[in-house]
Amino acid sequence: MIKAGIIGATGYAGNELVRILMGHKEVEIKWYGSRSYIDKKYAEVYQNMFEIVDDVCMDDNMEELASQVDVIFTATPQGFLAGVLTEEILKKTKIVDLSADYRIKDVAVYEKWYGIEHKSPQFIEEAVYGLCEVNREKIKGARLIANPGCYTTCSILTAYPLVKEGLIDTSTLIVDAKSGTSGAGRGAKLPNLFCEVNENMKAYGVTSHRHTPEIEEQLGYAAGKEVMINFTPHLVPMNRGILATEYAALIRKEDGSLPTYEEIKAVYDKYYGKEKFVRVLEKDVQPETKWVEGSNYVDINFKIDERTGRIVMMGALDNLVKGAAGQAVQNMNLLFGFDEAEGLNLVPMFP
């Protein structure tokens with residue numbers, strides 16, 4: 001058994017980490033960190049944990065925690081981990097960070113898009129971007145994992161094979177994504193009140209959403225060149241889920257024809273055919289958030305538009321599982337040599 005600590009255990013992603021780790025046969029949770037609920041029983045914050053978790057919430061003392069556990073999950077706002085991380089902490093424990101503090105390699109880009117100073121840029125280079133299906137081998141030897149976000153995981157995985165194989169013109173890539181309200185966190189915010197969200201749908205962060213450079217950077221590695229996209233997120237009145245619909249011009253073959261369905265499908269199968277948590281759907285079956293809810297799966301499909309010469313790529317995932325806590329546990333499994341799916345064999349919930 002390894003010992004785990006969670007900082008930010010009372011947020012939505014933190015609670016999802018607790019739920020998943022409670023079913024993990026190789027992990028014991030030693031520390032439920034929550035600055036807002038210190039000394040309060042965890043099951044009083046989340047009643048679903050009554051008679052399951054008896055522990056009380058503790059503070060966020062990373063130095064003390066690092067001496068007690070093998071891995072720390074930080075489900076915290078941007079800037080927290082960067083402000084407290086030291087070499088001494090990393091020598092004692094591994095860290096899976098669910099914030100964006102170490103996802104972007106260019107510190108100037110991070111500071112521009114997030115509007116805060118990065119307090120420990122010396123750790124950015126060694127941090128491994130924890131997209132397991134892409135960086136599996138790098139993750140295994142890491143001390144610090146930058147766990148990708150929900151929009152980014154869905155957006156990157158949906159387009160990655162075609163970008164990697166040079167089958168689309170990345171300068172034409174548009175990502176249109178929708179998210180359930182849990183993606184905004186548990187904090188009280190006026191735009192997230194029931195009356196504000198219910199019976200409504202809205203775009204936000206138009207041309208300025210801070211996940212944009214993360215998607216561009218990772219797809220840029222796949223393309224082997226700089227990638228610039230249009231990314232527009234939308235808030236929809238549901239608890240969980242991300243649906244990304246992506247558009248790009250296909251690169252025509254030498255004879256001027258477009259790649260066929262079979263050729264595109266073969267590329268997706270090349271990258272995801274053996275992946276446990278990426279499901280490439282059957283022809284003309286479109287991804288839906290309800291079929292991945294509560295699970296670590298990403299459902300992906302595509303449709304070629306012969307009329308316009310474009311391809312429409314679609315992906316769906318649960319923003320709290322594969323988009324946050326599930327992916328973090330998947331990363332932890334790789335770090336410690338466990339079965340990658342341990343604790344994550346979660347059948348999607350419906351209805």
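Let me begin by describing the structure that accompanies this report. Given the structure is predicted, the values throughout are model-derived calculations rather than measurements.

1. Side note on the sheet that holds strand 1 (residues 2–7)
Here comes step 1: Spatial ordering of the open sheet is given by 2-1-3-4-6-5, a layout of six strands whose pairing is parallel. The open sheet is flanked by strand 2 (27–33) and strand 5 (128–129), the only strands paired with a single partner.
Here comes step 2: Here three bridges tie strand 4 (residues 94–97) to strand 6 (residues 144–146), and the two strands are oriented parallel to one another. Bridge pairing in strand 6 places Ile95 opposite Leu144.
Here comes step 3: Against the sheet, helix 12 (residues 321–335) makes contact with strand 1, strand 2, strand 3 (71–74), strand 4 and strand 6, and its axis sits at roughly 160° relative to strand 3, the strand it touches most.

2. Section: the side chain of Glu217
Here comes step 1: Looking at where Glu217 falls in the secondary structure, it is placed in helix 10 (residues 212–223).
Here comes step 2: One buried charged residue, Glu217, remains without a salt bridge, the closest side chain of opposite sign being Lys105 at 6.4 Å.
Here comes step 3: Within the structure, Glu217 has its side chain in polar contact with the side chain of Tyr221 (distance 3.0 Å).

3. Digging into the pairing of strand 4
Here comes step 1: Looking at chain direction, strand 3 and strand 4 are connected through four bridges and run parallel. Within strand 4, the position partnered with Thr74 by the bridge is Asp97.

4. Notes on the packing of aromatic side chains
Here comes step 1: A full pass over the atoms with the stated rule returns 11 aromatic pairs.
Here comes step 2: Both rings, one in Tyr160 and one in Tyr271, keep their centres 5.9 Å apart while their planes meet at 85°; by these two values the pair is edge-to-face. Taken together, the residues Tyr160 in helix 8 (residues 150–164) and Tyr271 in helix 11 (residues 261–272) connect sequence positions 111 residues apart.
Here comes step 3: Look at Tyr160 and you get buried, because its relative accessible area is 10%.
Here comes step 4: Centroid distance Trp291 to Phe350: 4.7 Å. Interplanar angle 45°. Geometry classified as tilted.

5. A word on the nonpolar core
Here comes step 1: Grouped together as the largest cluster of nonpolar side chains are 45 residues, with contacts concentrated most on Tyr42, Phe73, Leu98 and Met332.
Here comes step 2: Of all the secondary structure elements, the ones that give two or more residues to this core are strand 1, helix 1 (12–21), strand 2, helix 2 (42–45), strand 3, helix 7 (132–140) and helix 12.
Here comes step 3: The dominant element in this core, judged by the number of residues it contributes, is helix 12, at eight residues.
Here comes step 4: In contact with Tyr42, not counting residues within four places along its chain, are Ala9, Thr10, Gly14, Asn15, Val18, Tyr32, Met49, Val53, Asp55, Val56 and Cys57.

6. Some thoughts on the environment of Val321
Here comes step 1: Within the secondary structure, Val321 sits in helix 12.
Here comes step 2: Val321 gets classed as buried once you look at its relative accessible area, which sits at 0%.
Here comes step 3: Residues Val321 and Leu131, spaced 190 residues apart in sequence, show a C-alpha to C-alpha distance of 13 Å.
Here comes step 4: Residues contacting Val321, with those up to four places away along its chain left out, are Glu16, Arg19, Ile20, Arg240, Gly294, Ser295, Asn296, Gly326, Gln327 and Leu346.

7. Re unusual backbone geometry
Here comes step 1: Here the amide bond leading from Phe350 into Pro351 is cis, since omega sits at 0°, within 30 degrees of zero.
Here comes step 2: Backbone geometry at Thr207 places phi at a positive 70°, although glycine is not the residue there.
Here comes step 3: Within the element layout of this structure, Thr207 appears in the loop between strand 8 (202–203) and helix 10.
Here comes step 4: A residue is classified by how much of its surface remains accessible, and Thr207, at 66% relative accessible area, is exposed.

8. Side note on the layout of surface pockets
Here comes step 1: The computed volume of the second largest pocket comes to approximately 500 Å³.
Here comes step 2: In terms of lining, the second largest pocket is formed by 24 residues, of which the most central are Tyr12, Thr181, Ser182, Met238 and Asn239.
Here comes step 3: It is helix 1 that contributes the most residues to the lining of the second largest pocket, four residues altogether.

9. Overview of the side chain of Asn15
Here comes step 1: Within the secondary structure layout, Asn15 lies in helix 1.
Here comes step 2: Not counting the four nearest positions on each side in its chain, Asn15 is found in contact with Ala9, Tyr42, Tyr46, Asn48 and Met49.

Cut-off values and rules
- Residues numbered from 1 in each chain as written.
- Predicted model: local features only at pLDDT ≥ 70, side-chain atom pairs only at ≥ 80, totals over all residues.
- Heavy atoms only, no water.
- Pairing = 2+ DSSP bridges.
- Helix = DSSP H or I, 4+ residues; strand = E, 2+ residues; numbered from the N terminus.
- Contact = heavy atoms within 4.5 Å.
- Axes fitted to C-alpha atoms, helices over the stretch in contact; angles between N-to-C directions.
- Buried < 20%, exposed > 50% of the residue type's maximum accessible area, 1.4 Å probe, protein only.
- Lys, Arg positive; Asp, Glu negative; His and termini not counted.
- Salt bridge = Lys/Arg side-chain N within 4 Å of Asp/Glu carboxyl O.
- Polar contact = N/O pair within 3.5 Å; in protein donor to acceptor, adjacent residues only side chain to side chain.
- Phe/Tyr/Trp six-rings, centres within 6.5 Å; stacked < 30°, edge-to-face > 60°.
- Core = buried A, V, L, I, M, F, W, Y, C linked by side-chain atoms within 4.5 Å.
- 1 Å grid on protein atoms, 1.4 Å probe; cavity = no way out; pocket = protein on both sides within 12 Å on 5 of 7 lines; lining within 4 Å.
- Points joined across faces, edges and corners; volume = space filled by probe spheres on them.

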